[in-house]
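Next come the chains, spelled out residue by residue.
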Amino acid sequence: MGSKHKIIGKPERRVDAWGKVTGRAKFAEDYSVAHQLWGKVLRSKHPHAKILRIDTTKAETLPGVEAIVTARDIPGSKVFGIVVKNQQILCEDRVRYLGDGIALVAARSREICEEAVALIEIDYEPLPVISDPEEALKPGALPIHGDKNEFVHHKVCKGDVEKGFAEADFIIECTFKTQFVEHSYIEPEAVLAEPAEQGGVVITGSVQNLFSSRRSVAEALNLPLSRVQIIQATLGGSFGGKDEVMTSMCCRAAILATKTGKPVKMVNSREESMLESYKRHPYVLYYKWGAKHDGSITAMEVRCIADGGAYASMSPFVTWRSVVQATGPYCCENVKTDIYAAYTNNNYTGAMRGFGSPQVNFAIESMMDELAAKVGMNPLEIRMKNGFENGAVTATGQKLTHTVSLKEVLTKAAQEIGFEAKWQKYRSLKSGEKKRGVGLACSYRGVSLGAEGTDAAETIVSVQTDGSVIVSSGVTDMGQGAQTQMSQIAAEVLGITMDRIQFLNTNTSRVADSGPTVASRGTIMGGTAAKNAAEKVKTTLLEVGAAMIGCDVGSLDLAENYLINVKTNERLASFSELCAECFRKGKPMMGFGWHHSPPTSWDEEHGQGDAYFTFVYGANATEVEVDTETGKVNVIDFVSVHDVGKAINRGMVIGQMCGGVAMGLGYGLLEEFEIEEGVPKQLNFDEYLIATAMDVPRIRTIIVENEDPAGPFGAKSVGEPTNELAAPAIVNAIFNATGRRLYEIPANLERVLLGHKLTRTGKRGSEVKANHG
C-alpha cells in the first residue's frame, strides 16, 4: 500500500530544518523590541512558610525600576490550573515550594532587576516541610492545600481479585520506586509580553500549550480571550515541560506589561528554570500478583503513590493514564488498581514524555521477569504466554478491535538481538568481574487524550494563487516534527512537492483552540485535521480543473505538481496554472480541517470503560555489560521496535525512536533530580547527569506498520512510546547479568553494587509466597 504514496513514508527534509541549521530560527530569547523592560521574579527562600510581611519600599525607589507587583496587584484570578486551579501566580500569604514567586520587578535592565529583587524584604514563619508523599497521606499530616494532601485517587476494578489470589499457586509481591526527573530541554523559558494596540496583550514565547496559557492570562487580567494573543516562538525542546511553568511566566510578564504600558521580557537562567519548573512524578509502586505454575496470571493488585509536589498541575491526568495501563498488555481476569497523588513541598510534578507510563512500565516489566524466573520460563516466553492478542479485553474492560501487534513487536525485538540464546548463556556464567546480560520489555499505550477530555484539533491549508501553500495548526511543534508530518500529509493529498509548503508557528488568534500538544497526538489529531483541510481544497481544485479541461472530475487527480489524467497519467495543467484558474473563477482555496477523536468512555467509580480509541505497541531489547567491581553499567546494544500504524516520515520516526531510547537510558541509569526536605540538590547540568553520546550505544530500529483507520493514512503515534521501555529493559538485563533485581531507579553505581542488599531489607524487596489454599 505504501508504494502508491509519493510523499507519505519518505524521509522528507524537515520544514524547520533550514532555519535551525543556519541559525535563522528565532527562539523566544531572540525576540526584543525597542523600549522593552526586563522582568524578574523574587522566589521563596523556604519550601514551606507563611508570609508575614512583604516590603517593597527600597526596591521601588531604586532608579530604573518601573514597577513592583505582588499578588494584591493582580487584577483578576490569582491562581491557575488546567485541572485544579490552585497554582499561585504570586504567593500572598503562604509559599509551598522553593520555586514559588512572591513579587515581580520590571526595570530598564536585567542588572537593575537583580538589584531590585535583592532589596525586597520578606518576613516568613517557616512551616513543617513534607517531602515524602507517603508521610503526606498519613492522618495528622499538615495539609498543604485544603484539609488533606490526597488529591487524586483513580481506580480500576475488574473481576474478583481475592478469588484470583485464592486460585493462584503462588503470589509475588514487590515494591518499586522511581525518581524525580528534570526535562533537560536545551532552551530555558523565555517570553516577551507587549501591550496590544487596541488593548490587551501579545505574548511571544517558548510556550508548549498556548491555548491553556491564554486562558490563564485572560483570567489574571480580566480580559476576554480575544484580547490575549500568544504566539509560539521556535521551541528549543520541551518534552512536556513547557506547560504550567510557561503559563506562570506568561501571566507574570503580561501583568507587568499591562501595569507599565511597555513591553516586558522575562528569561530564566538554567538555575531558575530547574528550581521552578515541574518534574516527572516519582512513584512508589506496590505490586502483588497471583499466578499458576504454568505462568498464567490469576490476579493483579496494584497500589501506587505519586508525589504531586506543591500543586495539582497535570497529576490527575498523568495518574489516570497510569491506572489504565498499570497492569500492562497482559491478560488477567481479576484486577484491582489504586493510584493516588499527594501534595508535598517538593517541586510540583506534571507532564513529561511518557506521561505516567514509564513509572508503571518499570514495575510491570520487572514483575514479568520475576514471574518468568519463578516458573522456569524465559522472559520472552512469559510475555508471549500472557500478552494481548486481537480481541483481547484490557483491565478496564475494553475490547481491542484494532490490530494488536504486541507479539509481533516482541518477536522482532527478540530475534534482532538474539535474545533467547544470549539470555540462557549469560545467566549460566558465574565468574568474571564484567558480566553481560540481555533484557526485554514491552508495552501498550493509549493514543492521544482518550477519556481525559475533549480531543479535537484544527489545521488550516491555504493554497496561494501561485501554487505555493501555507499550513498552520493549533498543534504545536516543539521540535518533535509535527509541522513536517502535517506538511507531508497536505502535500500528499494535494499532489505537490514539499518545497511548496510554508508552515507557520501556532498563533492563538489565527487558529482554533486545538487542545494541548501532549499525548503524542500531533500526527493523529493535527495530521488528520490537515488531511481533512487539504481534501477540501483538492475537491475545489479538481472541480475547477474539470471545467477548465472539459472532462469528468473522476478522471482527474493531482500528482507531482500537476493536474493529471488518472488513466493515462497525462499532465493536463501545472498546479500553479490550476491555482491561478481557481482564483480567476473566484473559488476558495483555503481549507479548514477539524478533527474530533472517535468516542471513548470512562466510569470513574468502577474504573471501567473504553479509555482510548486505539493503542500502539512497542518492544525494546538490550544488551548490557556490568562491572561488578564498580557498579558501572554499559549499554552495548539496543533494539527498538514500534508499531506506529504508518510512518509518515521514516527519518523522523527513526529519530524519535533513537531519541526515546537515549532519554529512557538516562531514566534507567543516570537521571535523578534529588530533593532533600524540599530543597533541590542540583540546579545545573554540572551535577544533574543526562546521557551523552558516550553512554548511548548503537540503536537498531525496526518500524512496524499496521495501519489504523483512526489516523491519517493509517498513522498513530510514536513520540512517547519510544521513551517508556528502555529503563525496564536495562534493569532486566542487569538482572540477567548479575542475578540481582533492582527495585529502584536510576540503576546508578551505588544501587547496582548495593541494591541487592537494600532489597533484602525493608520495604523495597520482593517476596514470593506459596499459596496453600
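Data block above holds the structure.
Below, the structure is looked at part by part. By convention here, each chain's residues receive numbers from 1 onward along its written sequence. For this predicted model, a pLDDT threshold of at least 70 governs which residues receive local features, and a threshold of 80 or more governs which side-chain atom pairs are given and counted, while totals over whole chains, interfaces and linings are taken from all residues. Computation of side-chain values: all heavy atoms of the structure, hydrogens and water removed.

## Quick notes on the packing of helix α10 (residues 357–375) against helix α18 (residues 726–738)
Next, step 1: Relative to each other, α10 and α18 sit at 30°, their axes nearing to 8 Å. In the crossing of α10 with α18, the sense of the turn from one axis to the other is right-handed. Touching Asn 361, Phe 362, Glu 365, Ser 366 and Asp 369 of α10 are Pro 728, Val 731 and Asn 732, all from α18.
Next, step 2: Ten residue types, Ala, Val, Leu, Ile, Met, Phe, Trp, Tyr, Cys and Pro, are classed as nonpolar, four, Asp, Glu, Lys and Arg, as charged, and the remainder, Gly among them, as polar. Across the contact of α10 with α18, the residue classes tally to 3 nonpolar, 3 polar and 2 charged. Lines fitted to C-alpha atoms define the axes here, with helix axes fitted over just the stretch in contact, and angles between the N-to-C directions of these axes take values from 0 to 180 degrees. Here a helix means four or more residues in a row that DSSP labels H or I, a strand means two or more in a row labelled E, and each is numbered from the N terminus. For a crossing to be left-handed, the near helix must be turned anticlockwise from the far one by less than a right angle; the clockwise case is right-handed. What makes two residues a contact is simply this: any of their non-hydrogen atoms within 4.5 Å.

## As for the nonpolar core
Next, step 1: Grouped together as the largest cluster of nonpolar side chains are 105 residues, with contacts concentrated most on Phe 176, Tyr 287, Trp 289, Leu 371 and Ile 734.
Next, step 2: Tallying contributions element by element places α10 first for this core, with 9 residues.
Next, step 3: Setting aside chain neighbours within four positions, we find Phe 176 in contact with Tyr 283, Val 284, Leu 285, Tyr 287, Phe 362, Ala 363, Ser 366, Met 367 and Tyr 743.
Next, step 4: Counting 66 residues, the second largest nonpolar core, distinct from the first, contains Ala 107, Leu 210, Ala 253 and Ile 255. Only buried residues count toward a nonpolar core, which is a set of Ala, Val, Leu, Ile, Met, Phe, Trp, Tyr and Cys residues joined through side-chain atoms within 4.5 Å. Burial classes: relative accessible area under 20% of the type maximum marks a residue as buried, over 50% as exposed, and values in between as partly exposed (1.4 Å probe, protein chains only).

## Points about the sheet that holds strand β23 (residues 562–565)
Next, step 1: Here, a strand pair is defined by DSSP locating no fewer than two bridges between the strands. The 3 strands are arranged β22-β23-β24 in an open sheet whose pairing can be described as antiparallel. A strand with exactly one partner marks an edge of an open sheet, and here the two such strands are β22 (556–559) and β24 (571–574). Ignoring which end each strand starts from, the neighbouring axes of this sheet average 30° apart.
Next, step 2: Running at roughly 120° to β22, helix α15 (residues 522–549) makes contact with β22, β23 and β24 of the sheet.

## What to know about a nonpolar patch on the surface
Next, step 1: Think of a patch as exposed residues, more than 30% relative accessible area, with no salt bridge, where like charges cluster within 9 Å and nonpolar side chains (Val, Leu, Ile, Met, Phe, Trp, Tyr) cluster within 5 Å. Here the accessible surface of atoms and residues is derived via Shrake-Rupley with a 1.4 Å probe, and residues count as covered only by protein chains that are part of the display. A carboxyl oxygen of Asp or Glu within 4 Å of a side-chain nitrogen of Lys or Arg is what we treat as a salt bridge. Together, Ile 82, Val 83 and Val 84 line one region of the surface with nonpolar side chains, adding up to about 190 Å² of accessible area.
Next, step 2: Tracing the chain through its elements places Val 84 in the loop between β4 (79–80) and β5 (87–88).
Next, step 3: Val 84 gets classed as partly exposed once you look at its relative accessible area, which sits at 32%.

## Side note on α15
Next, step 1: In this analysis, the expected span of each helix is defined as 1.5 Å times one less than the number of residues it contains. Here α15 spans 38 Å end to end across 28 residues, near enough to the 40 Å set by a 1.5 Å rise per residue.
Next, step 2: Looking one or two residues beyond α15, the residue adopting positive phi is Gly 550, at roughly 85°.

## So, the sheet that holds strand β6 (residues 94–95)
Next, step 1: Read from one edge to the other, the open sheet built from 3 strands follows the order β6-β2-β8, with strand pairing classed as antiparallel. Each edge of the sheet is formed by a strand with only one pairing partner; in this case those strands are β6 and β8 (121–126).
Next, step 2: Where strand β2 (residues 49–55) and β6 come together, 2 bridges link them in antiparallel fashion. Across the sheet, Ala 49 pairs through a bridge with Val 95, a residue of β6.

## What about the packing of α10 against helix α11 (residues 379–386)?
Next, step 1: Two elements in contact, α10 and α11, have axes separated by 9 Å at closest approach and are oriented at 105°. It follows from the interaxial angle that α10 and α11 lie roughly perpendicular. Residues Glu 365, Met 368, Asp 369, Leu 371, Ala 372 and Val 375 of α10 lie in contact with α11, whose contacting residues are Pro 379, Ile 382, Arg 383 and Asn 386. Relative orientations are named as follows: roughly parallel for angles under 35 degrees, roughly antiparallel for angles over 145 degrees, roughly perpendicular for angles from 65 to 115 degrees, and oblique for any other angle.

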